[in-house]
Amino acid sequence: MRLEGKVAVIIGAGQQPGETIGNGRAVAIRFAQEGAKLLLVDNNEAWLAETVAQCQAASAETNGGDAMSARPPSNIEAFTADITDEQACAALAQRAHQRFGRIDILHNNVGRSQGDAPTPEMDGDVWDMLLTLNVKAMFMTAKHVLPVMRDQRAGVILNVSSTSSLCARQTVAYKTSKGAVNTLTHHLAMENAPFGIRANAILPGLMDTPMAIERRAQERGGDRTTVRAERDAQVPLNRAMGTAWDVAHAALFLASDEARYITGVLLPVDGGLSSRIG
């Protein structure tokens, strides 16, 4: 198993209800399948509990369907937290270290765009809210996990950015925040390379996830088919959106020792969308 014995903290591991799976949950399941011990973090206790259950089921399936051979329940723990609160970020890092004895991977699956707008229409309070969640929260989780990783002289930080950071968009706050995530990732990579710590960012493009589809469908009165068709048409590769599993596979590679010589990279997972920059 590619993550056997590794301890991973996954931020944003829950997900809102929808027809498909979200990025955080898909990453958690893939990491569980590959033998990682998990501290799964979200601000919604019910959504988080469902992710824990699915990770347990995936682990059992990996082990031949024998529930007794799955990851022990103590190896997958839920931690409910609001990561815009620095005390919560410190507490989750402390809990992971206390429970598992080390932290090998921090996966920051954080971000939202609801409320974003063109610059002349952008509300200042919404700007502050989006920048706090999308950038400051990633900084704070990294801040409190890094001392453990530095003591170990090893670790991996994965930040989920977006191709919106590279491509032209009609809204300002989300694009700006994800551009800042790219810069933060580069800084973390260079600052912590002497400690054997790697930092990379994953830049999803148009993905068929609940967060991407459900809100837009709700705004249109439940028309998911039209939302999907419009998004599919924008993707060069097969005219089809990606799924959360595409993000999860990229995260697994970057978290594993197969990527041991890769740091400071911004990896688009987008079906070629960012090749049409501008």
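Keep in mind the model is a prediction, meaning the values are calculated, not measured. The written sequence of each chain sets the order in which its residues are numbered from 1. Given that this is a predicted model, residues contribute local features only at a pLDDT of at least 70 and side-chain atom pairs are listed and counted only at 80 or more, while totals for whole chains, interfaces and linings are drawn from all residues. Processing note: side-chain calculations cover all non-hydrogen atoms of the structure and skip hydrogens and water entirely.

Asker: Whenever I open this one, the sheet that holds strand β1 (residues 7-11) confuses me. Can you help?
Answerer: Sheet strands pair by backbone hydrogen bonding; their relative direction is either parallel or antiparallel. The strand order across the open sheet formed by seven strands is β3-β2-β1-β4-β5-β6-β7, and the pairing between neighbours is parallel. Strands with a single pairing partner mark the edges of an open sheet, and in this sheet they are β3 (76-80) and β7 (266-269). Pairwise comparison of adjacent strand axes, ignoring direction, gives a mean angle of 15° for this sheet. Both strand β5 (residues 155-160) and strand β6 (residues 197-204) contribute to a ladder of six bridges, which runs parallel. Looking at the pairing, Val 160 lines up with Ile 202 of β6. In short, DSSP must find at least two bridges between two strands for them to pair. Secondary structure elements follow DSSP: runs of H or I of four or more residues count as helices, runs of E of two or more count as strands, with numbering from the N terminus. Note on geometry: axes are C-alpha line fits, over the in-contact stretch for helices, and angles between N-to-C directions span 0 to 180 degrees.

Asker: I would appreciate a short explanation of helix α5 (residues 173-192) in the present structure.
Answerer: An α-helical turn contains 3.6 residues, so a residue and the one three or four places further along point in the same direction. Working rule for helices: expected span equals 1.5 Å times residues minus one. With 20 residues, α5 should cover 28 Å at 1.5 Å per step; its first-to-last C-alpha distance of 28 Å lies within 8% of that length. For each residue, the accessible area found with a 1.4 Å probe, counting protein chains only, is set against the maximum for its type, and the residue is called buried under 20%, exposed over 50%, and partly exposed in between. For α5, the set of buried residues is Ala 173, Tyr 174, Ser 177, Lys 178, Val 181, Asn 182, Leu 184, Thr 185, Leu 188, Ala 189 and Asn 192. For this analysis, residues touch if any pair of their heavy atoms sits within 4.5 Å. Tucked inside the fold, the buried residues of α5 contact α4 (124-152), β5, β6 and β7.

Asker: When you look at the layout of surface pockets in this model, what are you seeing that I'm missing?
Answerer: The method is simple in principle: a probe with the dimensions of a water molecule rolls over the atoms, and the space it marks as empty is what remains. Space inside and on the surface of the protein is sampled on a 1 Å grid over the protein atoms alone, with a cavity defined as a set of points where a 1.4 Å probe fits but cannot get out and a pocket as an open set with protein on both sides within 12 Å along at least 5 of 7 lines; lining residues have an atom within 4 Å of a point. Grid points are joined across faces, edges and corners, and a volume is the space filled by probe spheres set on the points. Taken as a whole, the second largest pocket spans an internal volume of roughly 170 Å³. Around the second largest pocket, the lining residues are Lys 6, Arg 102, Asp 104, Ile 105, Ala 154, Gly 155, Val 156, Gly 196, Arg 198, Ala 255, Asp 257 and Arg 260. For this scheme, ten residues count as nonpolar: Ala, Val, Leu, Ile, Met, Phe, Trp, Tyr, Cys and Pro. Four count as charged, namely Asp, Glu, Lys and Arg, and the remainder, Gly too, count as polar. When the residues that make up the lining of the second largest pocket are grouped by side-chain class, the tally is four nonpolar, two polar and six charged.

Asker: How should the packing of helix α3 (residues 86-100) against α4 be read in this particular structure?
Answerer: Packed helices, taken two at a time, are described by the angle their axes make and the gap between the axes. Between α3 and α4, the least distance of the axes is 8 Å, while the angle of their chain directions is 30°. Judged by the sense of rotation from one axis to the other, the crossing of α3 with α4 is right-handed. Along the contact surface, α3 presents Glu 86, Cys 89, Ala 90, Ala 93 and His 97, while α4 presents Met 140, Thr 141, Lys 143, His 144, Val 145 and Val 148. Here the residues of the contact of α3 with α4 are counted per class, giving six nonpolar, three polar and two charged. Two helices that cross are described as forming a left-handed crossing if the nearer one is turned anticlockwise from the farther one by less than a right angle, and a right-handed crossing if clockwise.

Asker: Honestly, helix α8 (residues 244-255) in this entry has me stumped. Any pointers?
Answerer: When the terminal C-alpha atoms of α8 are compared, their 16 Å separation across twelve residues agrees well with the 16 Å that a helix rising 1.5 Å per residue should span. Those residues of α8 lying buried are Ala 244, Val 247, Ala 248, Ala 250, Ala 251, Leu 252, Leu 254 and Ala 255. In the core, the buried residues of α8 are packed alongside α1 (23-33), β4 (105-108), β5, β6 and β7.

Asker: Explanation requested: the pattern of salt bridges in the structure shown.
Answerer: By definition here, a salt bridge exists when the distance from a side-chain nitrogen of Lys or Arg to a carboxyl oxygen of Asp or Glu is within 4 Å. Here the structure, examined in full by the defined rule, presents eleven salt bridges. In this structure, Arg 2 and Glu 258 form a salt bridge, with 3.0 Å as the shortest nitrogen-oxygen distance. Placement of Arg 2 in the segment before β1 and of Glu 258 in the loop between α8 and β7 is noted, with a sequence separation of 256 residues between them. For Asp 257, the salt bridge identified is with Lys 6, shortest N-O distance 3.7 Å. Of this pair, Asp 257 sits in the loop between α8 and β7 while Lys 6 sits in the segment before β1; the two residues are 251 residues apart in sequence, bridging distant segments of the chain. Linked through salt bridges whose partners overlap, the residues forming this network are Glu 19, Asp 208, Glu 214, Arg 224 and Arg 228.

Asker: How should the nonpolar core be read in this particular structure?
Answerer: When a protein is soluble and globular, its nonpolar side chains tend to lie buried together. Within the largest apolar cluster, 40 residues are counted, with the highest numbers of intra-cluster contacts made by Val 9 and Val 41. Elements that contribute at least two residues to this core include exactly β1, β2 (37-42), α3, α4, α5 and β6. Apart from the residues lying within four places of it in its own chain, the contact partners of Val 41 are Val 9, Ile 10, Ile 11, Gly 12, Ala 13, Gly 14, Leu 48, Phe 79, Ala 81, Ile 83 and Leu 92. Note on terminology: a nonpolar core comprises buried Ala, Val, Leu, Ile, Met, Phe, Trp, Tyr and Cys residues joined through side-chain atoms within 4.5 Å. Counting 34 residues, the second largest nonpolar core, distinct from the first, contains Ala 32, Ala 248, Leu 254 and Ala 255.

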